[in-house]
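Spelled out from the first residue to the last, the chains are:
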Number of protein chains: 2
Amino acid sequence: MLDICLLGTGGMMPLPRRYLTALAVRHNGNTILIDCGEGTQMALRANNLSPNPIGIICFTHYHADHISGLPGMLLSMANAERTEPVLMIGPAGLKRVVDSLRVIAPGLPFEIHYRELKEAEEQIQIPEGYIRAFKVKHNVTCYGYSIVIERRGRFDAAAAKAQEIPLKFWNRLQHGETITGDGRVFTPEMVMGPDRKGLKVTYTTDTRPTESIVKNAAGSDLLICEGMYCEAEKKEKAIAKKHMMFEEAAEMAAAADPQPKELWLTHFSPSMIYKQVEQAMGGVRSIFPDAYLGKDGKSLELKFEEEEAV
Amino acid sequence: MLDICLLGTGGMMPLPRRYLTALAVRHNGNTILIDCGEGTQMALRANNLSPNPIGIICFTHYHADHISGLPGMLLSMANAERTEPVLMIGPAGLKRVVDSLRVIAPGLPFEIHYRELKEAEEQIQIPEGYIRAFKVKHNVTCYGYSIVIERRGRFDAAAAKAQEIPLKFWNRLQHGETITGDGRVFTPEMVMGPDRKGLKVTYTTDTRPTESIVKNAAGSDLLICEGMYCEAEKKEKAIAKKHMMFEEAAEMAAAADPQPKELWLTHFSPSMIYKQVEQAMGGVRSIFPDAYLGKDGKSLELKFEEEEAV
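Keep in mind that this is a model prediction, so the values were computed, not measured. (Residues numbered from 1 in each chain as written. Chains lettered and ligands numbered in written order. Predicted model: local features only at pLDDT ≥ 70, side-chain atom pairs only at ≥ 80, totals over all residues.)

Colleague: Hey, could you run me through the overall build of chain A in this one?
Modeller: What chain A contains, in helices and strands, is 9 helices and 16 strands. Whereas a compact globule of 310 residues would reach a radius of gyration of roughly 19 Å, chain A reaches 21 Å, a difference of no more than 12%. Based on the C-alpha atoms only, the size of chain A along its principal axes is roughly 70 × 50 × 35 Å. Looking at chain A as a whole, 45% of its 310 residues qualify as buried. Long-range contacts, defined as pairs at least 24 residues apart, comprise 67% of the intrachain contacts of chain A with a sequence gap of at least 6. (Helix = DSSP H or I, 4+ residues; strand = E, 2+ residues; numbered from the N terminus. Rg over C-alpha atoms; globule rule 2.2 N^0.38 Å. Buried ≥ 20, exposed ≤ 12 C-beta atoms within 10 Å, placed from the backbone. Contact = placed C-beta atoms within 7 Å.)

Colleague: Teacher, can you tell me more about the domain arrangement of chain A here?
Modeller: Interfaces are often sized by the amount of accessible area the parts lose when they come together. Considered domain by domain, chain A is made up of domain 1 (2-152 + 195-302) and domain 2 (153-194). With centres defined by C-alpha atoms, the gap from domain 1 of chain A to domain 2 of chain A works out at 40 Å. (Domains from an automatic or database assignment.)

Colleague: Looking at this structure, how should I read the packing of helix α8 (residues 246-255) of chain A against helix α9 (residues 274-287) of chain A?
Modeller: Two numbers describe a pair of packed helices, the interaxial angle and the distance between the axes. All names here are of chain A. The interhelical angle for the contact between α8 and α9, taken along N-to-C directions, is 20°, at an axis separation of 8 Å. As summarised for this structure, α8 and α9 are arranged roughly parallel, according to the angle between their axes. In this structure, the crossing between α8 and α9 has a hand that is right-handed. The residues of α9 that touch α8, namely those facing Phe246, Glu247, Ala250, Glu251 and Ala254, are Ala280, Gly283, Val284 and Ile287. (Axes fitted to C-alpha atoms, helices over the stretch in contact; angles between N-to-C directions. Parallel < 35°, antiparallel > 145°, perpendicular 65-115°, else oblique. Left-handed = near helix turned anticlockwise from the far one by under 90°.)

Colleague: Please explain the interface of chain A and chain B as it appears in this structure.
Modeller: Listed by partner, the interface residues are 25 residues for chain A and 25 residues for chain B. Of all the elements in the fold, those that place two or more residues in the side of chain A that touches chain B are α1 (40-46), α2 (70-79) and α3 (94-101) of chain A. Looking at the side of chain A that touches chain B residue by residue, the class counts come to 16 nonpolar, 7 polar and 2 charged. (Nonpolar A, V, L, I, M, F, W, Y, C, P; charged D, E, K, R; others polar.)

Colleague: I keep staring at the sheet that holds strand β12 (residues 196-204) of chain A and nothing clicks. Help me out?
Modeller: Backbone hydrogen bonds hold the strands of a sheet together, and the pairing may be parallel or antiparallel. Residues and elements named next belong to chain A. Taking strand neighbours across the sheet as the criterion, the 7 strands line up as β7-β8-β9-β12-β13-β14-β15 in an open arrangement whose pairing is mixed. The two strands at the open ends of the sheet, each matched to only one other strand, are β7 (121-126) and β15 (291-293). In this sheet, neighbouring strand axes are inclined to one another by 20° on average, regardless of whether the strands run parallel or antiparallel. Lying over the sheet, α8 contacts β13 (222-226), β14 (263-266) and β15, oriented at roughly 155° with respect to β14. (Pairing = 2+ DSSP bridges.)

Colleague: Where do I start with unusual backbone geometry in this structure?
Modeller: Backbone phi values are negative for most residues with the exception of glycine, while trans is the configuration of most peptide bonds. Look at the link from Asp257(A) to Pro258(A): it is a cis peptide, with omega at 0°. Phi at Asn48(A) is positive, roughly 55°, even though this residue is not glycine. By the element assignment, Asn48(A) lies in the loop between α1 and β4 (54-58). The phi angle at Asp35(B) is positive, at roughly 70°, despite the residue not being glycine. The residue Asp35(B) is located in the loop between β3 (30-34) and α1 (40-46) in this model. Here Asp35(B) falls in the buried class, since 28 other C-beta atoms lie within 10 Å of it.

Colleague: I tried to follow the environment of Arg132(A) on my own but got confused; where do I start?
Modeller: Residue and element names in this part refer to chain A. Note on placement: arginine 132 falls in strand β8 (residues 129-135). For arginine 132, a count of 18 C-beta atoms within 10 Å translates into the label partly exposed. The spacing of arginine 132 and glycine 144 is 12 residues in sequence and 8.3 Å in space, taken between C-alpha atoms. Once you skip the residues sitting within four places of it in the chain, arginine 132 turns out to touch Glu121, Gln123, Tyr145, Ser146, Val148 and Asn216.

Here it is in structure tokens:
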């Protein structure tokens, strides 16, 4: 199961009832955080989440509204007595930026490991899946992220029996192990069906529409995408500042193949009032029906698809 | 008039309903901010205050909960199109810390001027008064601040007439000008009574009790003082970490001569629950009766004392 919580929906500056856009994704007791602007640790608390299980922090880019909450977050993790290392992932320059911010968070009881992204797409293994970073198009280098949990194929007991594979090896084979025993070599492929559909959430913000977003949104259970402005007269500004309109986000969701199951918009301009935002959703849904406004604390539990009984 | 707003009351980390301790003091359209932890710009907004009129930012010290909100605040001031310089005041190292944090707030449309404190007490002139910084006792160099608005003596019209001072010079003399005219020299002392009681607010946090606090709290209309812990069993921790107990704050207020008119406690430990805090106020008020719990957004307008009709 992937537990997803959109911690905030604001762009540029945190507001009293609108935290800055950031995402917490929980899987098997570990939390992956994407972006960490000012107040993100407050948003975690507001959603009854702890900073301590955060093992990976991904940054889209280093504008302040996406990283200014990091020093406080690191200190809160230290106060929660974290000792395991934290992996940070982000565009080139990551260590330099984090080191500079750490002037006010110098001594930590855990190590920080850095993965600086250089390619247009990079993949980072995590337990039971991977994070895929893909370059998008902002006025500084910026990445989107997909978090994918893979699901092995179904175990074929009949095939195991037919091949006379001893029962004592079945469980290890199901977990992907290759086993040498009883004078033979047993591989998972002998007993496992093809990989089944896993879980996928994709997050991208501070970008113009790109092919990379359409490609990586494909097959997502949830696409969380920037919607900085909804008013037609703001389109020129969006293009100039390399941000995205509501309808552009919907167009990308619609173009992805297969389409994401849901689209949530986020990273709203502080100048937008909620009523405008609500009204704009009609146009958005005419392009991509399963589109929703992001809200602070909006959550979703993604589960593996039910399967037909065999 | 001094308009005082305690923006938050938290210590260590910002919580969803408790912003970090910071103070906004407004006088004649200018705002002085003391401390700027993560979320302080949200607290300003929550109190319908704008970041733009902030001309002076004082820092007690550079622990993250007192300065981590600075990069976002500077960017919000830039977004509000500020162009006038901002004066920052704080212990030695100020420019180095601010420069380091500005890795995520590099280009600003206004200059930053720095006043790094070195002496045990320093005084900085402001229009119609001064800021006095005084060293306190934390585990890093830390200062408290008094903001003082001075009030000139009363104009003595009878004396002006008796000395045959032309009417055309009266207004300028009232504003402190020395005038050469009509073949004579006129000084304010010729017509002005002794200085009258002005306004004074004193703010200190992250410190053990000190003589400097007692001295500078004297004559304050309002003393805002750290009360990190209220439980007797936390006293050892307070001493070790160089923080202050509720009752110690009250003892300093009581020892000041003349006593401050009011004491507000702030910078509460995140471990304290509100009920404990409320209950502890009985003991505090037995030491200093005019003691109050700080609350997020607690405000006070200080006005010059009414005078008896002459």
